There are 2 protein chains.
Amino acid sequence: MNMPAASAGSLLANLPNGSLADELFHILAEKGDARIERIVSTGQATPEGDWYDQETDEFVLLVSGAAALQIEGEAEERELGPGDWVMLPAHCRHRVAWTQSEPPTVWLAVHF
Amino acid sequence: MNMPAASAGSLLANLPNGSLADELFHILAEKGDARIERIVSTGQATPEGDWYDQETDEFVLLVSGAAALQIEGEAEERELGPGDWVMLPAHCRHRVAWTQSEPPTVWLAVHF
């Protein structure tokens, strides 16, 4: 038998204690145009006036912690708690308004 | 301005009370060969001796609840709790050994 092996892990393992200078990115799976990654935020935010404007769609799930996304043209920030997801189509300009630092904020992002 | 709109929701919303006859599937996003869906299990398992043998890769995250996966050729089931993920390559034969029914077990699956 020569079966492809399953890899595995926990999104909640190896979290930092306290704030880090930068967000942590771990690619969990990747194939073709698709990429699945864990992001750990400890208070980081997108600088005021900056926007992400991406070439691909991004599905983002807040796994633990708390954060807010700002989407260009929307009056209110979208506050996110565990289990909340947002589907950001390509070129949907957005920024991370804030993230909880302790305990850290864990995201699962699917770029596809 | 004509920006693509962001859709959003919570994986933990609208969960059933008690056990259902079947698992619930909700497609959250879909593009090309990629599909992101929420699965809610309330005690379901793959019948003994049956195996999933899929044509595409599947990344699965246990969001809440508890479950166990059995992978063909492995001596032990893999018990999963919140935050645990498994990357199942195409044709990695597997079955769901059990799922917690109350509170329900919530999965995020990415087929790609």
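Residues numbered from 1 in each chain as written. Chains lettered and ligands numbered in written order. Predicted model: local features only at pLDDT ≥ 70, side-chain atom pairs only at ≥ 80, totals over all residues. Heavy atoms only, no water.

Draft legend 1. Summary view of the relation of the copies chain A and chain B. Superposition record for chain A on chain B: RMSD 0.0 Å, screw rotation 180°, translation along axis 0.0 Å. Interpreted geometrically, this transformation is the action of a two-fold axis. Residue by residue, 100% of the interface of chain A is reproduced at the interface of chain B, so both copies engage with the same surface. (Least-squares fit on C-alpha atoms with pLDDT ≥ 70 in both. Contact = heavy atoms within 4.5 Å.)

Draft legend 2. Inspection of the interface of chain A and chain B at higher detail. Taken residue by residue, the interface counts 39 residues in chain A and 39 residues in chain B. Carbon and sulfur atoms make up 70% of the surface buried where chain A meets chain B, a total of about 3300 Å² over both sides. Applying the counting criterion to the chain A and chain B interface returns two salt bridges. Across the pair Asp-57 of chain B and Lys-31 of chain A runs a salt bridge whose closest N-O atoms are separated by 3.5 Å. At the junction of chain A and chain B, the tally comes to ten residue pairs in polar contact (both at pLDDT 80 or more). With five residues, strand β7 (residues 84–88) of chain A is the single largest residue contributor to the side of chain A that touches chain B. (Buried area = accessible area lost by both parts, 1.4 Å probe. Salt bridge = Lys/Arg side-chain N within 4 Å of Asp/Glu carboxyl O. Polar contact = N/O pair within 3.5 Å; in protein donor to acceptor, adjacent residues only side chain to side chain. Helix = DSSP H or I, 4+ residues; strand = E, 2+ residues; numbered from the N terminus.)

Draft legend 3. Representation of the UniProt feature "domain: Cupin type-2" (unreviewed entry) in chain A within the structure. The sites that UniProt annotates as "domain: Cupin type-2" (unreviewed entry) are residues 54–110 of chain A. A distance of 13 Å separates the end C-alpha atoms of residues 54–110 of chain A, which is 0% helix and 56% strand. (UniProt positions renumbered as here; feature names shortened; annotations may be inferred.)

Draft legend 4. The arrangement of the packing of aromatic side chains in detail. Per the stated rule, a full pass over the model turns up two aromatic pairs over all chains. Ring geometry for Phe-59 of chain A and Trp-85 of chain A: centres 5.4 Å apart, planes at 20°, overall stacked. In this pair, Phe-59 of chain A is assigned in strand β4 (residues 58–64) and Trp-85 of chain A in strand β7, connecting sequence segments 26 residues apart. Positioned above the aromatic ring of Phe-112 of chain B, the side-chain terminus of Lys-31 of chain A is 5.5 Å from the ring centre. (Phe/Tyr/Trp six-rings, centres within 6.5 Å; stacked < 30°, edge-to-face > 60°. Lys NZ or Arg CZ within 6 Å of the ring centre and 35° of its normal.)

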